[in-house]
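A closer look at the structure
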Amino acid sequence: MLSTAAVGMLLATSMSLSNASVDRKAIGFGANRLHQHSNNLKTLKGEGSTTTCDNVEEYYFKDAVIDNFAPIQNQEKWVGKGQRYWMNKEFWSGPGAPIFVYIGGEGQESCRHLSSSMFIHSLAEKHNALLIDVEHRFYGESYPTADMSTENLQYLSSSQALADLARVIGQVKSELGSGMLLVTIIIMQLCMSVCNLI
């Protein structure tokens, strides 16, 4: 977790960015990310709004590890609740039916990605599929480490994120007794471009 001083500094900086007439493009990428991160902190502290969606449940994968590629004896679990993910079983016909996984991008995820407003929801209905949305490490509420120091950001990589997906999917399949079945990965950015063409 961030220290109280760091949280205060993030919130103060965010408020000055949102209240002042600041050209965020002139400041650069970090200003937008800082503003977004402080909004996430407000939500974690109960200051933001919570989102609920019909048929979608929120979970935390408690067995997530900071470094998926460390030797087993050196693997440490995430700080906090674990990696956040959502599941929608509305159309799932049970073991043997496909699982569609929506990969979270560089930002906070929500249950909305598995709701009727998204194309993946229509695909799940057509194929009797289970829907899963996994939040990317270091975004939203899915922080594997206590802070975002340079040392800890070595664990922010596509390789680590893909290994996280494998662990979460394996856990979900095990819990649901799904065994060997089709898992289709739908990447958010790709779907935003391609799904509109279908």
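Our subject is the structure listed above.
Residues numbered from 1 in each chain as written. Predicted model: local features only at pLDDT ≥ 70, side-chain atom pairs only at ≥ 80, totals over all residues. Heavy atoms only, no water.

1. So, the pairing of strand S3 (residues 99–103)
In the case of a regular strand, side chains alternate between the two sheet surfaces. Here is the rule we go by: A simple rule labels every residue: compare its accessible area, found with a 1.4 Å probe on the protein chains alone, to the largest value its type can have, and call it buried under 20%, exposed over 50%, or partly exposed in between. By definition, any uninterrupted DSSP run of H or I lasting at least four residues is a helix, any uninterrupted run of E lasting at least two residues is a strand, and each is numbered from the N terminus. Orient the strands so they point away from the viewer; a crossover is then right-handed if the path from the first strand over the helix to the second runs clockwise.
Of all the five residues making up S3, five are buried; the element is thus mostly covered by neighbouring parts of the structure. In S3, alternate side chains face the same way, and those of Ile 99, Val 101 and Ile 103 on one face and Phe 100 and Tyr 102 on the other are all buried. Crossover connection from S3 via helix H4 (residues 119–127) to parallel strand S4 (residues 130–134): handedness right-handed.

2. Let's talk about the packing of aromatic side chains
The condition is simple: Pairs were defined over the aromatic rings of Phe, Tyr and Trp, the Trp ring being its six-membered one, requiring ring centres within 6.5 Å. Orientation was assigned from the angle between planes: stacked under 30 degrees, edge-to-face over 60, tilted for the rest.
On inspection of all chains with the given rule, the structure shows two aromatic pairs. Their ring planes at 20 degrees and their centres at 5.3 Å tell us that Tyr 59 and Tyr 85 sit as a pair that is stacked. Of the two residues, Tyr 59 is situated in strand S1 (residues 56–61) and Tyr 85 in strand S2 (residues 83–88); the sequence distance between them amounts to 26 residues. The class for Tyr 59 is partly exposed, based on a relative accessible area of 23%. For Tyr 85, a relative accessible area of 3% corresponds to the buried category. With a centroid separation of 6.4 Å and an interplanar angle of 90 degrees, the aromatic rings of Phe 138 and Tyr 143 are classed as edge-to-face.

3. Some points on a nonpolar patch on the surface
As a reminder of what qualifies: Patch definition: residues above 30% relative accessible area lacking any salt bridge, with like charges linked at up to 9 Å and the nonpolar side chains Val, Leu, Ile, Met, Phe, Trp and Tyr linked at up to 5 Å. Note on areas: Shrake-Rupley, 1.4 Å probe, and residue coverage restricted to the protein chains presented here. When a carboxyl oxygen of Asp or Glu lies within 4 Å of a side-chain nitrogen of Lys or Arg, that pair is called a salt bridge.
Judged by side-chain polarity, Met 148, Leu 153 and Leu 156 come together as a nonpolar surface patch covering roughly 210 Å² of accessible area. Here Met 148 is to be found in the loop between S4 and helix H5 (158–176). The exposure class of Met 148 is partly exposed, given its relative accessible area of 36%.

4. Some thoughts on empty space enclosed by the protein
Our working definition: Computed over the protein atoms alone on a 1 Å grid, cavities are sets of points where a 1.4 Å probe fits but cannot get out and pockets are open sets with protein on both sides within 12 Å along at least five of seven lines; a residue lines them when it has an atom within 4 Å of a point. Grid points are joined across faces, edges and corners, and a volume is the space filled by probe spheres set on the points. Side-chain classes follow a simple rule in which Ala, Val, Leu, Ile, Met, Phe, Trp, Tyr, Cys and Pro form the nonpolar group, Asp, Glu, Lys and Arg form the charged group, and the remainder, Gly included, forms the polar group.
Overall, the coordinates contain one cavity of 30 Å³ or more when judged by the stated rule. Taken together, Gln 83, Ile 103, Gly 104, Val 134, Glu 135, His 136, Ala 161, Asp 164 and Leu 165 make up the full set of residues lining the largest cavity. Element by element, the count of residues in the lining of the largest cavity is highest for H5, at three residues. In terms of residue class, the lining of the largest cavity is made up of four nonpolar, three polar and two charged.

Remember that the coordinates give geometry; whether it matters functionally is a separate question.
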